[in-house]
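An overview of the molecular structure
Letter by letter, the chains look like this.
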Amino acid sequence: MSISVLDVLSAAFASAFEALGFAPELGAVRESDRPDLAPFQCNGAMAAAGVLKKKGEKANPRDIAAQIVEKLSGHSAIGGLEIAGPGFINILPEDALVAERANNLLADERAGAGILDGQKIVIDYGGANVAKPMHVGHLRSAVIGESLKRLLRFRGHDVIGDVHLGDWGLQMGHLISELEDEQPGLIYFDATVTEGFPAESPVTMDDMARLYPAASSKSKADPERLKTSQIATADLQSGRPGYRALLEHFIRISIEYLKIGYGELGVTFDLWKGEAAVDPLIPDMIEEMKSKGITEDSDGALIVPVDENWDPEKRKGLPPVMLKSSAGAVLYHTTDLATLVDRKNEIDPDLILYVVDQRQATHFKQVFKAAELAGWFGADQLEHLGFGTVNGPDGKPFTTRDGGVLRLADLTQMMRDAAYKRLEENGIGKDFDADELADIADKVGMAALKFADLQNQRLTNYIFDVDRFTAFEGKTGPYLLYAAVRIKSLLRNAADKGVSAGPIQVSHKSEAALVLSLDAFDRALAQTEAKRAPHILCEHIYRLSQSFSRFYTDCPILADSTEEHLKASRLSLAELTLRQLKLGLDIIGIEVPERM
Ligand code: ARG
């Protein structure tokens, strides 16, 4: 792999600063804040002047900048230098350097993306709950988690995605007791039966989606009904065979259903573990934590204090971890800790990332601290990557028109319908057959949904706006698809005309700008990883599409008047752009149709 244009320029500036007696780091070159003036800039002259002034010497940053420019005059990497303001140096790279880099990128299947000596990483995302239909609240974890998984894998890490199903709480007791109410004759409710339960599930996903809310709302109105659910939960957790057999059905049916829902979003998991799966580890885990002296008894409950302050009188900050309630039930904290024990034993990862709603931030602080106190993982091995909510036009969490929870399946259907309408409006696909058109509408709808989500900073809330998300103009998923598809059709035309790709030459400004956009890919990937921030990659992809679009307008490719060597060069640039676009879009979970 050759190095990026920015790194070549940085090296040149570093030696110029060094030659003038300054630290080479002052020569760091970066992408310019004013790309209209020059693509790169170096601001080291100001810092250099600061260093001299500290030593009591006279120094003018503009003079230092002038000396640097002088030192670099005639350098083969540099096409132009200009001093601006108090001593900024605007930098234009030499076209030959840009072309050389372009040809290196062209020869690279990964279009400039480096590959790391990776770590072993678990990503805990998805987090759907057994027996509950997926709703809009599950969207962001799935979309963000999937893209981080793909990114980290692409970067060279060994990544395991785990859905971590919610299958061990009160919702199970609700379901069991409501089912018993409805069908008391089922064999699962006969406490004397301990084995030989039917293989066929007594409920479907629709049954569960009806039973759970019924139990939940009855319990809110009636404390006795709630008690019944709590007892069923406790009996399940203490291993009552009929209940365990029911739970297995609930989990199996739910996973079948969830695989379809996640599948529609292009989201797949390596592990379909959940809270119930780690329950057997809890007794030993609790013994271990007790023997390490990190637990305390608190009014009959077993807790782990995790506040900075160990003196019970002074604890004010982080509330304690609850391992067991006074009624003896295990809680969300407990199953998450047991999951950490399981991951340590089975996988021993370097890092675990939790892509979960920011409203659970305290929960994860508590769990991570307890795991650290127990000596299972270091503080730098566990990270909660929170995210904001998807809101409606009123700024409140998005719901259906009558205020109910919006099912994920309805939301994805809404996106597909809107995409269909947009295609129609834009006169796209009139002569395509129905299957192809449906496939395109699906890809456009999902691209709109995912890009609209991922282009935001993770922690901000955003407003769900189908019209804006599906527009073909602006910073949207459909715009990016359109850009990629346009290149595909260009390449088909070239093939029809018998024009083939050749070495890249750079002479037009828009060609250089396109190459420099392409050259920023690896930096964007590295930053996306460092900040766990898919919006950085989204921004890169968007800018690349814009650079391509400008190039496409300014530099005719297949026109008869274009010289053959330029046709070949520009075709290579188009091929390379498409390759990088597809790699980037795949990381954010977006698939490009053949034509549109
Ligand atoms: N099931 C949980 C919920 O719906 C999310 C699980 C997140 N992951 C975890 N390890 N706690 O809130």
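Before any of the text, the structure's been laid out above.
Our subject in this report is the structure included herewith. (Residues numbered from 1 in each chain as written. Predicted model: local features only at pLDDT ≥ 70, side-chain atom pairs only at ≥ 80, totals over all residues. Heavy atoms only, no water.)

Some details on the overall build of the protein
Regarding its fold elements, the protein presents 20 helices and 13 strands. Summarising its shape, the C-alpha atoms of the protein cover approximately 90 × 75 × 40 Å along the three principal directions. Within the protein, the fraction of its 596 residues that count as buried is 52%. For the protein, restricting intrachain contacts to residue pairs at least 6 apart in sequence, the fraction spanning at least 24 positions comes to 74%. (Helix = DSSP H or I, 4+ residues; strand = E, 2+ residues; numbered from the N terminus. Buried < 20%, exposed > 50% of the residue type's maximum accessible area, 1.4 Å probe, protein only. Contact = heavy atoms within 4.5 Å.)

So, the site of the ligand
The full set of residues close to the ligand is Asp 124, Gly 127, Asn 129, His 164, Tyr 332, Asp 336, Tyr 354, Val 356, Gln 360 and Phe 364. Here a nitrogen atom of the ligand sits 2.9 Å away from a polar atom, N or O, in the main chain of Gly 127. When grouped by side-chain class, the residues that make up the shell around the ligand number 4 nonpolar, 4 polar and 2 charged. (Near = heavy atom within 4 Å. Polar contact = N/O pair within 3.5 Å; in protein donor to acceptor, adjacent residues only side chain to side chain. Nonpolar A, V, L, I, M, F, W, Y, C, P; charged D, E, K, R; others polar.)

With respect to the pairing of strand β3 (residues 78-84)
When β3 meets strand β4 (residues 88-93), the two strands line up antiparallel, connected through 6 bridges. Note on β4: the bridge partner recorded for Ala 84 is Phe 88. Hairpin geometry of β3 and β4 is characterised by an intervening segment of 3 residues between the two adjacent antiparallel strands and by a positive phi of about 55° at Gly 85. (Pairing = 2+ DSSP bridges.)

What about the sheet that holds β4?
Across a sheet, strands are paired by hydrogen bonds formed along the backbone, either parallel or antiparallel in direction. Strand order in the open sheet made by the 4 strands is β1-β2-β4-β3, with antiparallel pairing throughout. Sheet topology places β1 (29-31) and β3 at the edges, where each strand pairs with a single neighbour. Across the sheet, the axes of successive neighbouring strands diverge by a mean angle of 30°, strand direction being ignored. (Axes fitted to C-alpha atoms, helices over the stretch in contact; angles between N-to-C directions.)

Focus on the pattern of salt bridges
Per the counting criterion, the structure on display carries 37 salt bridges. Here Arg 140 makes a salt bridge to Asp 453, at a shortest N to O gap of 3.0 Å. Linking Arg 140 in helix α5 (residues 139-154) with Asp 453 in helix α14 (residues 434-454), this pair joins segments that are 313 residues apart in sequence. When sorted by exposure, Arg 140 lands in the same class as Asp 453, which is buried. For the salt bridge of Arg 492 with Glu 594, the shortest nitrogen-to-oxygen distance reads 3.8 Å. Remark: Glu 594 occurs in the segment after α20 (564-587) and Arg 492 occurs in helix α16 (residues 477-497); sequence separation between them is 102 residues. According to the relative accessible area criterion, Arg 492 is partly exposed, its value standing at 36%. One connected set of salt bridges, linked through shared partners, spans Glu 31, Lys 475, Arg 523, Glu 539 and Arg 543. (Salt bridge = Lys/Arg side-chain N within 4 Å of Asp/Glu carboxyl O.)

Some remarks on unusual backbone geometry
Non-glycine residue Ala 111 carries a positive phi angle of around 50°. Residue Ala 111 is classed as buried on the basis of its relative accessible area of 0%. A positive phi angle is found at His 164, which is not glycine, with a value near 45°. Relative to the helices and strands, His 164 resides in the loop between β6 (158-162) and α6 (170-182).

Overview of the sheet that holds strand β8 (residues 301-304)
If you walk across this open sheet you meet the 3 strands as β7-β8-β9, and the pairing is antiparallel. Strand pairing shows two members of the sheet lacking a second neighbour, β7 (296-298) and β9 (321-324), which therefore form its edges. Along the sheet, successive strands turn relative to each other by an average axial angle of 45°, direction set aside. Both β8 and β9 contribute to a ladder of 3 bridges, which runs antiparallel. Looking across to β9, one finds that Leu 302 is bridged to Lys 324.

Overview of helix α7 (residues 205-221)
The terminal C-alpha atoms of α7, which comprises 17 residues, lie 25 Å apart, in line with the 24 Å expected from a rise of 1.5 Å per residue. Along α7, the residues that are buried comprise Met 205, Met 208, Ala 209, Leu 211, Tyr 212, Ala 215, Ser 216 and Ser 219. Taken together, the buried residues of α7 touch α6, α8 (223-237) and α9 (241-264). One side-chain oxygen at the N-terminal end of α7 lies 3.3 Å from the backbone nitrogen of Asp 206; it belongs to Thr 204. (Expected span 1.5 Å × (residues − 1).)

A closer look at the environment of Leu 481
Mapped onto the secondary structure, Leu 481 falls in helix α16. Once you skip the residues sitting within four places of it in the chain, Leu 481 turns out to touch Lys 443, Val 444, Ala 447, Ile 590, Glu 591, Val 592, Pro 593 and Met 596.

Focus on the packing of helix α17 (residues 509-519) against α20
At their nearest, the axes of α17 and α20 sit 11 Å apart, and the two run at 30° to each other. Taken as axis vectors, α17 and α20 run roughly parallel relative to one another. Crossing handedness for the pair α17 and α20: left-handed. For the pair α17 and α20, contact is made by Glu 511, Leu 514, Val 515, Ser 517 and Leu 518 and by Arg 570, Leu 573, Leu 576, Thr 577 and Gln 580, respectively. For the contact of α17 with α20, the residue count by class is 5 nonpolar, 3 polar and 2 charged. (Parallel < 35°, antiparallel > 145°, perpendicular 65-115°, else oblique. Left-handed = near helix turned anticlockwise from the far one by under 90°.)

A few points about the pairing of β6
In terms of burial, β6 is largely enclosed, as 4 of its 5 residues are buried. With 5 bridges joining them, strand β5 (residues 120-124) and β6 adopt parallel strand pairing. Paired with Asp 124 across the bridge in β6 is Asp 162. Where the polypeptide runs from β5 across α5 and back to β6, its parallel neighbour, the crossover connection is right-handed. (Right-handed = clockwise from strand over helix to strand, strands pointing away.)

Structural notes on the packing of aromatic side chains
Under the criterion given, the structure shown has 18 aromatic pairs. Summarising the aromatic geometry, the rings of Tyr 354 and Phe 364 are spaced 4.9 Å apart at their centres and angled 40° between planes, so their arrangement reads as tilted. Here Tyr 354, found in strand β10 (residues 351-355), pairs with Phe 364, found in helix α12 (residues 361-373); they are 10 residues apart in sequence, far enough to count as distant. Residue Tyr 354 is classed as buried on the basis of its relative accessible area, which comes to 1%. Both rings, one in Phe 464 and one in Phe 469, keep their centres 5.4 Å apart while their planes meet at 85°; by these two values the pair is edge-to-face. Considered together, Phe 464 and Phe 469 belong to a single accessibility category, that of buried residues. Positioned above the aromatic ring of Tyr 552, the side-chain terminus of Arg 486 is 4.5 Å from the ring centre. In this structure, Arg 595 is placed above the aromatic ring of Phe 432, and the distance from its NZ or CZ to the ring centre is 3.7 Å. (Phe/Tyr/Trp six-rings, centres within 6.5 Å; stacked < 30°, edge-to-face > 60°. Lys NZ or Arg CZ within 6 Å of the ring centre and 35° of its normal.)

A look at the side chain of Arg 155
In this structure, Arg 155 sits in the loop between α5 and β6. Given a relative accessible area of 8%, Arg 155 falls into the buried group. Those residues in contact with Arg 155, other than ones at most four positions away along the chain, are Arg 110, Ile 115, Leu 116, Asp 522, Leu 525, Ala 526 and Glu 529.

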